[in-house]
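Architecture and fold: a report
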Amino acid sequence: MARMVLRRLASALVVMWGAASLIFVVIRLAPGGPALVLLGPDASREEVDALTTRLGLDRSLPEQYLHYLLDVARLDFGDSYRLDMPAMEAVLSRLPASLELAATAAVIAVCAGLVLGLVAGYRRGGIVDRVTSALTIGLQAFPTFWVGIMLILVFALVLRLLPSSGAGTPQHIILPAVTLSLPFTAIVARLTRSSVVEEMEEPYAATARAKGLNDRQVLLGHVLRNSLTPVLTVVALQLGALIGGAVVVENVFAWPGLGSLIVSAVSNRDYAVVQAAALTIAGIIVLLNLLADLATARLDPRIRVGAG
Amino acid sequence: MSEQIGVMTRLRAARKHGAALWIPLGIVAAYVVVAAVGPLVIGYDHVATAVADRLLSPGSTTSDGGTAWLGTDGLGRDVASQIVYGARTSLIIATVAVTISALVGMTVGALAGLVGGWVDVVLSRIVDVLLTFPGVLLAIVVAGLFARGLPTVILSLSITAWTPFARVARNVTLSIKEREWVSAARLMGVRRPALLVRHVLPFVVPPMVAMATLEFALVVLAEAGLSFLGIGLPSGTPSWGQTVANGKEYLATAWWISAFPGIALFVLVVSVGLLGDQLSARLGRNRRSPL
């Protein structure tokens, strides 16, 4: 087990290094040159030259790359010219709000998805199953930003039940979190359903039934636990999509998180913040994937031993 | 030898399952026709404003006597026309982006599978790194930092869209590589490029087609997202995302501006998705699954 953990850890570090390199390349390729871009469009010639030397941009590319990697390792991404603070600080100040939103959405999605999937799988072909199937296709086809806007229309403007933007009270998180959770709910529901259907056919389920347990006890006592493994894997993998979707949702609801920070940073060419934010998100995803990997291994002994 | 049956034959063979394939196909075809013919028939200028016609509700008559079937927006522009022109934007961008992604992905994946060794390891690592970033995020970064325009949007969408193609191509190639006829060809001295083109690619292409329709739907949604955020195409070009964004500030009084483009998006994406499902089922190899 320890060896597997080390291997996954090493793999994660390689991926992070790759991600940092990718960002390095993208920024170097962007028009305007990094110094101009870090300082903003109104910088004077002398300021640009001074920063160029200070950033070591007049040194060779390999040297720059090395310094960049060292800076990233120290979490030093430079200063945001717009916000007048270190980029990493700006990112960290907005991170909790995004995590709150993503976590709430994930919880909603997993709960709703599990329940829907369990019922749909349990009563295969029944009305819940068919409605869930249709919903699954539908929920993933709606553009997230449009769903958010329509929810604002219905709940905030017509029914006046919930606030339409901003943050602060518990009511503020409801609409954004629900909007964000919908496509994910569909995925979880569909996966749970097929998992349940498969597991109900397994020999152990027949044994449990032969022991005298009724279907519902079989479902909740045995099948549920085994169905969770693929769901967990998917949850971890989809968390990336969730964070990506959060970028758009935050913009719709003016939610003060990382997503809205990135979009404004990108539109204003605030490269320091873009760098910091992109790598922070990548780091979170790599970490979550790693944790999910290890958690799955814990839940499913077959993976630990290497079989199956 | 069923793998050697061509794409068209397999599609035709399934005609008895009528509706499931032909309805989505018909809807998508309708979109294509509207997108292609519409702009030729409607004379619509996205940059022109008609202040007298601002925020008319669906069905109202405009100042020049015409009917705004889906209403007008805050600058007096006809929403229905924006939807038609937006269809053209979305379809063109998605088609080009998916084609590029499919070609690049197929080549990279087949090469990785065929050559193996460190080439495979390096290419797989690159795919892993790209997958670490949520697709939308990379698209936003690239689209926002580079100069706005068609090539930038297509580039930003293609950057992550090629990875599923590479993955499937690699898997198919790996399973084909050890087949008798490929080994025989290799022993006969057929060189790698010819091996790739004549023996591997014919098996890689069908799953690519199925995957392409699904990626198409995702790219349409992603492009709309970029336009919504204001980092897609320049605002002089109509696009659905942009229309929805424009409608946000008038949501309380003129809901139709944001509502209709979203519906158009939804119907297109669902149809393309259903079409992709049908193609997947008929052309083998599962579409990209979460696992």
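What counts, and at which threshold
- Residues numbered from 1 in each chain as written.
- Chains lettered and ligands numbered in written order.
- Predicted model: local features only at pLDDT ≥ 70, side-chain atom pairs only at ≥ 80, totals over all residues.
- Helix = DSSP H or I, 4+ residues; strand = E, 2+ residues; numbered from the N terminus.
- Buried ≥ 20, exposed ≤ 12 C-beta atoms within 10 Å, placed from the backbone.
- Contact = placed C-beta atoms within 7 Å.
- Nonpolar A, V, L, I, M, F, W, Y, C, P; charged D, E, K, R; others polar.
- pLDDT = per-residue confidence, 0-100.
- Core = buried A, V, L, I, M, F, W, Y, C linked by C-beta atoms within 7 Å.
- Axes fitted to C-alpha atoms, helices over the stretch in contact; angles between N-to-C directions.
- Parallel < 35°, antiparallel > 145°, perpendicular 65-115°, else oblique.
- Expected span 1.5 Å × (residues − 1).
- Bend = angle between axes of the 7 residues up to and from the residue.

So, about the overall build of chain B. Across its full length, chain B carries 10 helices and 2 strands. Each helix (α) and strand (β) of chain B, taken in turn from the N terminus, gives the series α-α-β-β-α-α-α-α-α-α-α-α. Referenced to the eigenvectors of the C-alpha coordinate spread, the extents of chain B come out at roughly 75 × 50 × 30 Å. With 291 residues in all, chain B has 46% of them scored as buried. Restricting the contact set of chain B to residue pairs at least 6 apart, pairs at least 24 apart contribute 70%.

This part covers the interface of chain A and chain B. Interface size is often expressed as the accessible area that is lost when the parts come together. The interface is formed by 46 residues belonging to chain A together with 38 residues belonging to chain B. Mapped by element, the contributors of at least two residues to the side of chain A that touches chain B are α1 (2-29), α6 (127-141), α7 (144-158), α8 (170-200), α10 (215-253), α11 (258-267) and α12 (271-299) of chain A. Take the side of chain A that touches chain B: its biggest share by element is 13 residues, from α10(A). Residue composition of the side of chain A that touches chain B, grouped by class: 36 nonpolar, 9 polar and 1 charged.

Position of B:G71 relative to the elements: it lies in the loop between β2 (67-68) and α3 (79-115). Setting aside residues no more than four positions away along its own chain, B:G71 makes contact with B:L56, B:S57, B:P58, B:V79, B:A254, B:W256 and B:I257.

Trans is the common state for peptide bonds, and a negative phi is the common state for residues other than glycine. Look at A:A254: it is not a glycine, yet its phi comes out positive at around 50 degrees. Note on placement: A:A254 falls in the loop between α10 and α11. Of note, the phi angle at B:L55 is positive, near 50 degrees, even though the residue is not glycine. Note on placement: B:L55 falls in the loop between α2 (18-41) and β1 (60-61). The partly exposed category is assigned to B:L55, around which 16 C-beta atoms lie within 10 Å.

This part covers the confidence of the model for chain B. Residues and elements named next belong to chain B. Here chain B shows a mean pLDDT of 83. Residues at 70 or above account for 91%. In the model, residues 285-291 has pLDDT below 50 throughout and makes 19 contacts with residues more than four positions away in sequence or in other chains. Confidence metrics for the complex model read pTM 0.84 and ipTM 0.82.

Right, let's talk about the nonpolar core for a bit. Membership of the largest hydrophobic core comes to 163 residues, with the highest contact counts inside it found for A:A277 and B:I140. When residues of this core are assigned to their parent elements, the largest contribution, 19 residues, is made by helix α8 (residues 192-229) of chain B. In this structure, A:A277 is in contact with A:V91, A:L258, A:L261, A:I262 and A:A265, ignoring residues within four places of it in sequence.

Let us look at the packing of helix α5 (residues 87-122) of chain A against α11(A). All names here are of chain A. Here α5 crosses α11 at 135 degrees, and the two axes come no closer than 7 Å. Taken together, the axes of α5 and α11 are oblique relative to one another. In this structure, α5 contributes A90, V91, R94, L95 and S98 to the contact, and α11 contributes L258, G259 and L261.

What follows covers α8(A). Think of an α-helix as turning once every 3.6 residues; residues three or four places apart then point the same way. Residues and elements named next belong to chain A. If you check α8, its first and last C-alpha atoms are just 39 Å apart, much less than what 31 residues at 1.5 Å a residue would give, namely 45 Å. Of all the bends in α8, the greatest reaches close to 40 degrees and is centred on L182; the proline P183 follows between one and four positions later. Of all 31 residues in α8, 22 are buried; the element is thus mostly enclosed.

Glancing now at the environment of A:Y122. All names here are of chain A. Looking at the secondary structure, you find Y122 in helix α5. Assessed through the 20 C-beta atoms surrounding it within 10 Å, Y122 is described here as buried. Along the primary structure Y122 and M200 are separated by 78 residues, whereas in three dimensions their C-alpha atoms are 8.3 Å apart.

Residue and element names in this part refer to chain B. Relative to the elements of secondary structure, V108 occurs in helix α3. The class for V108 is buried, based on 21 C-beta atoms found within 10 Å. When the C-alpha positions of V108 and F165 are compared, they lie 8.9 Å apart, and in sequence the two are 57 residues distant.

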